[in-house]
Each structure stands twice: as structure tokens, then as C-alpha cells.
Amino acid sequence: METVTNPLAVVTGASSGIGYELARQFAAHGFDLITAAEDDALASAAATLITQGTRVEAIRTDLTTREGVETLHRAVTATRRPVAAAALNAGIGQGGAFLETDLADELEIIDLNITSTVHLAKRLLPGMVEDGEGRMLITSSIASTMPGSFQPVYNASKSFLQSFAQALQNELKDTGVTVTSLMPGPTETEFFERADMLDTKAGQADKDDPAQVAAQGFEAMMAGKDKVVAGSWKTKAQGLANRVLPDSVKAQAHRGMAEPGSGAEG
Ligand SMILES: NC(=O)c1ccc[n+]([C@@H]2O[C@H](COP(=O)([O-])OP(=O)(O)OC[C@H]3O[C@@H](n4cnc5c(N)ncnc54)[C@H](OP(=O)(O)O)[C@@H]3O)[C@@H](O)[C@H]2O)c1
């Protein structure tokens, strides 16, 4: 029988964007992977990761459903291997005026960004604590630090994750398990297109490189840090400014970036 010595990492939303780059970081650092996403692209992403010499099990599952999260968890337990690290990263947004967007879209944001993250953390953390070691990375956002006019449910979902991650980090401080919040700024992924925000200033502005964001997130997670504002110097400066700006000012600034039609080509 083959002896497996590599540590195992779980990455959700690993088919594209930040999650895919996080998976590449894990692979480059000698982790085997269980990756999860909903659509076909997960298989080709996994095939590329395998060329990096890592073992990858790709689980196609809809994490907006409780059964979908349990499917992923069953795949993890079936390996009978300890989970050394988990990046709970899958997430979606939806731009638009709250009075005009579909409630179903907003409830889906809550189901994926919030409910699936809490559910998966609940399933994975006990084993890590029992092992006395483990690293969890939760993809929050710099959006967690500002009220998100024209994207209110998304920003609020990230505020939830921010608080959740920081609370767990404190609760688990004597266990050997750490929980790090990854706070990217606007990053070049499929996010803005999927959120119907291509006609906004935020959708059209230059964005950070997902590979850079993931590298900084991975490093912070491995170091057991509480949180990291990841990306360019501009994003880091925004993170610092958001610490002191009043919420009303940040909400107005967010309107300027996210209001439908605010982009030059809107
Ligand atoms: N891009 C940004 O500017 C930015 C900034 C801050 C934070 N973030 C956060 O970063 C995380 C990753 O987003 P991204 O920017 O990399 O966008 P992305 O390229 O659209 O990636 C989203 C990932 O989530 C997966 N996903 C979506 N719905 C799912 C579902 N129902 N079940 C399972 N997986 C699902 C997608 O897989 P499928 O395609 O298979 O659905 C994909 O792998 C999100 O939490 C996002 O909120 C992004």
C-alpha cells in the first residue's frame, strides 16, 4: 500500500480566481488537495494542479445546500487523513439596487458565503483541534470593513465572516489551530461578471492579481495570523483608511464604485 506523507488541504471555490490560486499555493508547498466547486471547470483546474505533482480529489458539489456541504465533508472523512489546512473560500456577490435585485440571489449569497462556511467550519475544526494542529483560512474581504451600497448583502456577508473568523481565532488560541481571515480588495477574477457588476466603476477598475492575493493569504495562514489585507499597496492603503473612516463616508464611497452604470462604459 502507498504511504501518504503529504499534508492534506481542503479548498472550496478552487475552480477559478482566488481559490484556484490558493490551491496552487498548497500544491506548490507539498499539500495534497481536496478541491470543491460546482461546475465543470473544477475538473480542468484539478488536472492542471495534478501537473504540479500533487494529488487532487475534485468534488463537484453545490455548497449553497446543506447536502452539498455534507457531500464535501463525506469526501474528506473518506480519506481517513487529518486535515492540515482548509481554505473556506467559495463565495459570490450580486450588484444592484436592493429594491430591484432578486431575493433569491441574495439568499444564495447568504447560503454560500455564510451558511456553508459556518457548516464546513463546524465539521472540520473538531478534527483539527483533536489533532492539536491545523490552519484555516476564511476568505472574507476588504468589503467586510465598509457598508456595501448597491451590494449590501454581499458586504454584510463578509462582515459576518470577518467577525466569525476573528472570534474562532480567539476561541481556539490554546489548541494549536489557527483561523485567519483573508481580506482581498478588488481582484481580477470572474467575481464581478458573475455579480452583474461589469457596468460599475468597481467592475471596470484595475484590479489585483489573484496569484498575489493567494500568496499573501497562504503566508498569513501558515503564520497563524488573525487576518491579512491581501493584494496591492493600494488595497493595503484602503484597508488602513477603512479603519478610521466613518461608515457613512465608506457607504457613500461604495456607492460611487458599485452603483449600476457608474463605470465609464456603463
Ligand atoms: N474578486 C474580488 O474582487 C474579491 C474581493 C474580495 C473577496 N473575494 C472573495 O473571494 C472568494 C473567491 O472569489 P473569486 O473572486 O475568486 O471569484 P470566482 O473566480 O468567481 O470564484 C468563485 C469560486 O466559488 C465557486 N462557487 C460559486 N458558487 C458555488 C456553489 N454554489 N457551490 C460551490 N462552489 C461555488 C466557484 O465555482 P463554480 O464556478 O463551479 O460555481 C468558483 O470556484 C469569494 O469568497 C469572494 O467573495 C473576491
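Because the structure is predicted, anything quoted here is derived from the model rather than measured.

## Things to note about the overall build of the chain
- Scanning the chain for helices and strands turns up 10 helices and 7 strands.
- Computed over the C-alpha atoms, the radius of gyration of the chain is 18 Å, within 12% of the 18 Å expected from 2.2 N^0.38 for a compact globule of 266 residues.
- For the chain, the C-alpha atoms occupy an extent of roughly 60 × 40 × 30 Å along the three principal directions.
- Out of the 266 residues in the chain, the part that is buried amounts to 50%.
- As displayed, the chain offers around 12600 Å² of accessible surface, 53% of which is attributable to carbon and sulfur atoms.
- Separation between the mean location of the 22 positive side-chain charges and that of the 34 negative ones in the chain comes to 7 Å.

## A closer look at a nonpolar patch on the surface
- The grouping of L103, L107 and I110 at the surface amounts to a nonpolar patch, some 260 Å² of accessible area in total.
- Examined against the element boundaries, L103 turns out to sit in helix α4 (residues 103-131).
- We classify L103 as exposed; its relative accessible area is 57%.

Cut-offs and rules
- Residues numbered from 1 in each chain as written.
- Predicted model: local features only at pLDDT ≥ 70, side-chain atom pairs only at ≥ 80, totals over all residues.
- Heavy atoms only, no water.
- Helix = DSSP H or I, 4+ residues; strand = E, 2+ residues; numbered from the N terminus.
- Rg over C-alpha atoms; globule rule 2.2 N^0.38 Å.
- Buried < 20%, exposed > 50% of the residue type's maximum accessible area, 1.4 Å probe, protein only.
- Areas by Shrake-Rupley, 256 points an atom, 1.4 Å probe, with all protein chains shown as cover.
- Lys, Arg positive; Asp, Glu negative; His and termini not counted.
- Charge placed at Lys NZ, Arg CZ, Asp CG, Glu CD.
- Patch = residues over 30% accessible without salt bridge, like charges linked within 9 Å, V, L, I, M, F, W, Y side chains within 5 Å.
- Salt bridge = Lys/Arg side-chain N within 4 Å of Asp/Glu carboxyl O.

Shape is all these values report; function is a separate question.
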